[in-house]
Structure formats: C-alpha cells, structure tokens
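One letter stands for each residue in the lines below.
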Amino acid sequence: MPRSVNAVASRARRKKVLKLAKGYFGRRKNVWTVAKNAVEKGLVYAYRDRRQKKRNFRALWILRINAGARLHGMSYSQFMGAAKKAGIELNRKVLADLAMNHPEAFKAIVEKVK
C-alpha cells in the first residue's frame, strides 16, 4: 500500500508562513526554511514589543510630566505626590498631554497641587 501524505495541509501551512514573510528581503521571503525562521523570530519580537511599547510610553509620559513640572519649580516626584494628596486622579497619559499641548491647563493643575 502506498504511503499517504497530506500534501494539501502541508502546502497550506507553507503558504501561510510565506504569506507572513511577504516584504522580507532576499531569500527570507521565498525560501521555506529561511522564511520559517524569519517569521518565527518576527513573531517573537512582535510579542515582546507589544509589552515593551507599554513601558516605553509610560517612560515618555513621565519625561513630559517632569519637564512640565520643572518649568513651574517642582520635580516629577514632588508633583505626583502632591497630585495624589490633592485628589487629582488624572493618569500619566492625560497629564503628559496637558503638559505638552495645553501648558496653561497644566499650570493650573500645578498651582492647585502646590
């Protein structure tokens, strides 16, 4: 009896990976073994960087709040501590946006927490 192989499923699996490799340079886009490795590595990076993006944005917001607070004679930690005591429940994303795009509104918040 001849050996049975599921060529349809194998080809579909390969096509799926090669479709994900579309746009890669050189053999990474059309050679199965090279593309498979490149796609797997790319998916690992994507998973990792979805988490890193959150950290990077938080760090950016903190930098912007710090810069805005220092214009009014406070450090970031002093400002955030005073904001907590004053009961201001704006998150870092909103505070950073105010510090950057609406300095007069941010100044009002700083004056309130001082």
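Predicted model, so just to flag it, every value in this text is computed and none were measured.

Novice: Looking at this structure, how should I read the overall build of the protein?
Specialist: Helices and strands together make up the secondary structure of the protein, namely five helices and zero strands. Against the globule reference of 13 Å for 114 residues, the protein gives a C-alpha radius of gyration of 26 Å, more extended than a compact globule. Along the longest, intermediate and shortest principal axes, the C-alpha atoms of the protein span 85 × 30 × 20 Å. Taken over 114 residues, the protein has a buried fraction of 22%. For the protein, contacts bridging at least 24 residues in sequence account for 42% of all contacts bridging at least 6. In the structure as shown, the protein presents an accessible area of about 8,900 Å², 57% of it carried by carbon and sulfur atoms. Taken as two groups, the 29 positive and 6 negative side-chain charges of the protein have centres that lie 17 Å from each other.

Novice: What's the story with the pattern of salt bridges in this structure? I'm lost.
Specialist: When charged atoms on two side chains of opposite charge get close, those side chains can pair. Applying the stated criterion to the full structure yields one salt bridge. Note that Asp 49 is salt-bridged to Arg 48, the shortest N-O span being 2.9 Å. Residue classification places Arg 48 among the partly exposed residues on the basis of a relative accessible area of 40%.

Procedures and definitions
Residues numbered from 1 in each chain as written. Predicted model: local features only at pLDDT ≥ 70, side-chain atom pairs only at ≥ 80, totals over all residues. Heavy atoms only, no water. Helix = DSSP H or I, 4+ residues; strand = E, 2+ residues; numbered from the N terminus. Rg over C-alpha atoms; globule rule 2.2 N^0.38 Å. Buried < 20%, exposed > 50% of the residue type's maximum accessible area, 1.4 Å probe, protein only. Contact = heavy atoms within 4.5 Å. Areas by Shrake-Rupley, 256 points an atom, 1.4 Å probe, with all protein chains shown as cover. Lys, Arg positive; Asp, Glu negative; His and termini not counted. Charge placed at Lys NZ, Arg CZ, Asp CG, Glu CD. Salt bridge = Lys/Arg side-chain N within 4 Å of Asp/Glu carboxyl O.

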